[in-house]
Amino acid sequence: MKIDVLLGLQWGDEGKGKIVDVLTPEYDIIARFQGGANAGHTLKFDGKKHVLHLIPSGVFRKNTKNIIGQGVVLDPLIFVKEIEALEKLGIDLTDRLYLDEKVNLITPGHRLLDALNEQSKGKNKIGSTLKGIGPAYTDKTARVGLKLFQTQKNNFNELYEKLKKEHLRIANSFDFEIDFNLEEEEAKWFEALEMLKKFKYINCENYIPEALKNGKKVLAEGAQGSLLDIDFGTYPFVTSSTTTVSGVCTGLGVAPSLIGDVYGISKTYTTRVGQGPFPTELDCEVGQYIREKGGEVGATTGRSRRCGWLDIVALNYACKVNGVTKLILTKADVLSGLEKIKIATKYQKGDETISYFPSEIEDVTPVYEELPGWQEDITQMQSFDELPDALKSYIKEIERITNLKVYLLSTGADRKSIIKF
Ligand code: IMP
């Protein structure tokens, strides 16, 4: 058995939550390997909308175990809030959610620094979700962060105070202050930390290979998207973790040879929250149409998402970096009603027309191919044959340029709006 991976191929919000939920019946274990509560995975079923930030999307299926891997940064406060909300829905996770004890903790100081850092950037803001992600990963790399296993040591309070002192020293070096009640946040944080203890702590590098050996099916669930990867994303407008496939090895402690299928998810168009270059952005009525029809509002921040055409230069790059074996397209229903659809197949960069994704995309202009649109409502359609001809041609064109077969097409928000090819 090998571990399969599901990840986003764009700037996040590709509809991963729904797809993991659709795929979970096939899996025994779902594991998050990177990121933190900056993610927002939306699932819709039985007419209700559920948003998860930190907890893996397998929690809504009774027989699925869920793991928060060591590559994740965990804020106990958000974790407990999410657990309590699930308990209200009658979902008890105590025996089905395991935490790697090497997980790094997000402290109130990290959130304070995230807010100060962003504000100090003025108009060059990254558009961070302000969940403390960047500062927590910074401390991890600087070897001063706090790990879950350290909370069980007698000197944990000492370690915490030392880190807090450093955070306050940095906070005091800014020439402005923000409204943040550290003492209050800290009291709630320690209370939440106590509640973490009712969950089982594991070591992923032992647990997952053992589970695979015993014939269990494991899915690694990515958060954010490949273009937000700390190394391969549109730096510096990225998140602070490895969102691409190699993050599975470091985040869960599994060897590359244990990686099986890589499900890559892309919307049939493109969105981005926060700042940063976006070559196919539509600052016009069509962009507004997609935003409204697609409900393109951030699940974590409530911010409006920027919308644009599908960018196949970026998509090909993400497929290559991740070694995608199964391509999944989402939100095809949102494009219904448009007369024409465009896809960027190349970039114009200075005098050159290029088909690779360069390190700098600030100055590229997309070169588009235009295809006919379709008018039909596709949300109830159950097979490829039923789809409008124009959508079939659109999918075929994406398959031709990416050289990948589409595995699933999502045609609406509900669990049932999905077509397997
Ligand atoms: P941070 O990870 O909160 O520091 O945010 C860094 C950048 O990544 C910002 O542009 C965020 O809007 C973006 N980002 C972080 N998490 C997500 C996500 O789950 N979906 C989409 N964008 C995200």
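The following paragraphs examine the structure supplied in this document.

1. Some words on the overall build of the protein
Working step 1: The secondary structure content of the protein amounts to 11 helices and 20 strands.
Working step 2: In terms of overall size, the protein behaves like a compact globule, its C-alpha atoms giving a radius of gyration of 21 Å where 421 residues would be expected to give roughly 22 Å.
Working step 3: Each principal axis of the C-alpha atoms in the protein carries an extent, and together these give about 65 × 55 × 40 Å.
Working step 4: Residues classed as buried in the protein amount to 57% of the 421 residues present.
Working step 5: The contacts in the protein between residues at least 6 apart in sequence include a share of 76% that link residues at least 24 apart.
Working step 6: For the protein, the accessible area works out to roughly 18,200 Å², and carbon and sulfur atoms hold 48% of it.
Working step 7: Seen as two clouds, the 55 positive and the 59 negative side-chain charges of the protein have centres 3 Å apart.

2. Section: the pattern of salt bridges
Working step 1: For the structure shown, the criterion picks out 23 salt bridges.
Working step 2: Measuring nitrogen to oxygen at the nearest pair gives 3.7 Å for the salt bridge that ties D21 to R61. Here D21 is found in helix 1 (residues 16–23), whereas its partner R61 is found in the loop between strand 4 (48–52) and strand 5 (65–68), with 40 residues between them in sequence.
Working step 3: For K197, the salt bridge is made with E194, and the minimal N-O distance between the two is 2.8 Å.
Working step 4: For K197, a relative accessible area of 44% translates into the label partly exposed.
Working step 5: Assessed through its relative accessible area of 49%, E194 is described here as partly exposed.

3. Some thoughts on the sheet that holds strand 9 (residues 200–202)
Working step 1: With mixed pairing, 10 strands are arranged side by side in an open sheet as 9-7-5-2-10-1-11-15-19-20. Two strands bound the open sheet, and with one partner strand each, they are strand 9 and strand 20 (418–420). When strand polarity is set aside, the average angle formed by the axes of neighbouring strands in this sheet is 25 degrees.

Quick notes on the rules
- Throughout, residues of each chain are indexed from 1 in the direction in which the sequence is written.
- It should be noted that, the model being predicted, local features are given only for residues of pLDDT at least 70 and side-chain atom pairs only at 80 or more, the latter also being counted only at that level, while totals for whole chains, interfaces and linings use all residues.
- Excluding hydrogens and water, the side-chain values take into account all heavy atoms of the structure.
- Numbering of helices and strands runs from the N terminus, with a helix taken as a DSSP run of H or I at least four residues long and a strand as a DSSP run of E at least two residues long.
- Radius of gyration means the value over C-alpha atoms here, while the globule rule gives 2.2 Å times the residue count to the 0.38 power.
- Three exposure classes are used, based on accessible area relative to the maximum for each residue type with a 1.4 Å probe and protein chains only: buried under 20%, partly exposed in between, and exposed over 50%.
- Residue contacts follow a heavy-atom distance rule, with two residues in contact if any of their heavy atoms lie within 4.5 Å.
- Residue exposure ignores everything except the shown protein chains as possible cover, and the areas themselves are Shrake-Rupley values with a 1.4 Å probe.
- For this count, His and the chain ends are skipped, Lys and Arg are scored as positive, and Asp and Glu as negative.
- Every charge is mapped to an atom, namely NZ of Lys, CZ of Arg, CG of Asp or CD of Glu.
- Each salt bridge in this description consists of a side-chain nitrogen of Lys or Arg and a carboxyl oxygen of Asp or Glu lying within 4 Å of one another.
- Here a strand pair is declared whenever DSSP counts at least two bridges between the two strands.
- Here an angle of 0 to 180 degrees is reported between the N-to-C directions of two axes, which are lines fitted to C-alpha atoms, with helices fitted over the stretch in contact.

As far as function goes, none of this settles anything; it's purely spatial.
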